[in-house]
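Letter by letter, the chains look like this.
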Amino acid sequence: DDDEEEEEEEINLLKDSLSSHMSYIHSQIIETSLKYYLKYKRSIYQTSQDYIKFINTYISLYSNKMKELELKAIRVGTGLEKLEKGAEDVEEMKIGLAQEDLKLRSADEATTRMLGQLQKSSMNAKKESEAVGKIRELCQVDANRIAAEKKVAEDDLAQAQPFVEEAERAVNSVKPNDLNELKKLQKPSDIIKLIFDCVGILKKEKLNKIELNEITLGIGKDKRTLPFFNDSFKLMQAGMLSDTRFL
């Protein structure tokens, strides 16, 4: 029971270490991407698909190592069979040596030494086989956990895909005439200003210096005036909306 508890503790420790490692690598990628953006003003996006590829690479590495261990276990098993056969041959030799003890005493001493070496090799091979078995079990546990994480990531990606497609259709529905109407607006509603501020941020356009202001949203009885920042719609009109390459 104590051995089983120790083994379970080792498995849990390895799982926690692997989870921490995967999280650490992912956080380092995000941190490095942010540093790269701050230095070069160019974004590197990390998607769920990238994380899945990272996990798949890790699974592939584990699979290869598992195959190597299984091959080694086969070789160890073959060695044990040869050792067992050798032990049987030694017993047959001992019967013959008992009948000719006086003539073959020196040969009996050599055989005894060889038997000692075989027993030592057999013990070492058995220990190595047990270690291989434990590693194989740990690898299988990790492979099952990673496969489950991959399934969750794939499900999240599938749920997000319809929203991405809907956003693409909405962007493609915008026509030049629509932008011309927006450029002509002298007093657009606050929601239009807010939307184009968001677009300007995404496109890394220049914005006005942040100052406290108010924004009015909603229609009819749902209309509300809230504290917010001053907008940059005039800059968007003069810059982004006037750019023929905007669409």
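Located above this text is the structure these notes cover.
Quick caveat, the model's predicted, so the values are computed rather than measured. (Residues numbered from 1 in each chain as written. Predicted model: local features only at pLDDT ≥ 70, side-chain atom pairs only at ≥ 80, totals over all residues. Heavy atoms only, no water.)

Trainee: Hey, could you run me through the packing of helix 1 (residues 2–40) against helix 2 (residues 48–99) in this one?
Mentor: Axes are the key here: two packed helices are described by the angle between their axes and the distance separating the axes. Relative orientation of the contacting elements helix 1 and helix 2 amounts to 140 degrees, with a least axis distance of 11 Å. On the basis of their axis angle, the class for helix 1 and helix 2 is oblique. Every pair of crossing elements has a handedness; the one defined by helix 1 and helix 2 is right-handed. Facing helix 1, whose interface residues are Leu 18, His 21, Met 22, Ile 25 and His 26, helix 2 presents Tyr 51, Phe 54, Ile 55, Tyr 58 and Tyr 62. Of the residues in the contact of helix 1 with helix 2, the class split is 8 nonpolar, 2 polar and no charged. (Axes fitted to C-alpha atoms, helices over the stretch in contact; angles between N-to-C directions. Helix = DSSP H or I, 4+ residues; strand = E, 2+ residues; numbered from the N terminus. Parallel < 35°, antiparallel > 145°, perpendicular 65-115°, else oblique. Left-handed = near helix turned anticlockwise from the far one by under 90°. Contact = heavy atoms within 4.5 Å. Nonpolar A, V, L, I, M, F, W, Y, C, P; charged D, E, K, R; others polar.)

Trainee: Even after reading the chapter, I still don't get unusual backbone geometry, so can you show me in this structure?
Mentor: Most peptide bonds adopt trans geometry, and most residues besides glycine take a negative phi value. The residue Lys 41 is not glycine, and still its phi comes out positive at about 60 degrees. Following the sequence through the fold, Lys 41 ends up in the loop between helix 1 and helix 2. Unusually for a residue other than glycine, Lys 204 sits at a positive phi of about 60 degrees.

Trainee: Any chance you could explain the pattern of salt bridges here in plain terms?
Mentor: Enumeration according to the criterion identifies 9 salt bridges in this entry. In this structure, Lys 65 and Glu 68 form a salt bridge, with 3.9 Å as the shortest nitrogen-oxygen distance. On the criterion of helical spacing, the pair formed by Lys 65 and Glu 68 is a turn pair, its members being 3 residues apart in helix 2. Between Glu 149 and Arg 145 there is a salt bridge; the shortest N-O distance is 2.7 Å. Here the residue Glu 149 and the residue Arg 145 both occupy positions in helix 3 (residues 105–172), the gap between them amounting to 4 residues, near one helical turn. Salt bridges here are not isolated pairs; linked through shared partners, they connect Asp 190, Lys 193 and Asp 231. (Salt bridge = Lys/Arg side-chain N within 4 Å of Asp/Glu carboxyl O.)

Trainee: Where do I start with helix 2 in this structure?
Mentor: In this model, helix 2 (52 residues) spans 77 Å end to end at C-alpha, consistent with the 76 Å of a helix rising 1.5 Å per residue. Among the residues of helix 2, those classed as buried are Ile 52, Ile 55, Tyr 58, Tyr 62, Met 66, Val 76, Leu 83, Gly 86, Val 90 and Leu 97. (Expected span 1.5 Å × (residues − 1). Buried < 20%, exposed > 50% of the residue type's maximum accessible area, 1.4 Å probe, protein only.)

Trainee: Any chance you could explain the packing of aromatic side chains here in plain terms?
Mentor: One pair of aromatic rings is described through two measures. These are the centre distance and the angle between the planes. Taken as a whole and assessed by the stated rule, the structure comprises 4 aromatic pairs. Both rings, one in Tyr 58 and one in Tyr 62, keep their centres 4.9 Å apart while their planes meet at 50 degrees; by these two values the pair is tilted. Of this pair, Tyr 58 and Tyr 62 both sit in helix 2, 4 residues apart, which is roughly one turn of that helix. Across this residue pair, the class does not change: Tyr 58 and Tyr 62 are buried. Note on Phe 196 and Phe 233: the rings are 5.9 Å apart at their centroids and 75 degrees apart in plane angle, and the pair reads as edge-to-face. Linking Phe 196 in helix 5 (residues 190–202) with Phe 233 in helix 6 (residues 233–238), this pair joins segments that are 37 residues apart in sequence. Just as Phe 196 is buried, Phe 233 falls in that class too. Stacked on the ring of Tyr 37, the Lys or Arg Lys 41 has its end atom at 5.6 Å from the ring centre. (Phe/Tyr/Trp six-rings, centres within 6.5 Å; stacked < 30°, edge-to-face > 60°. Lys NZ or Arg CZ within 6 Å of the ring centre and 35° of its normal.)

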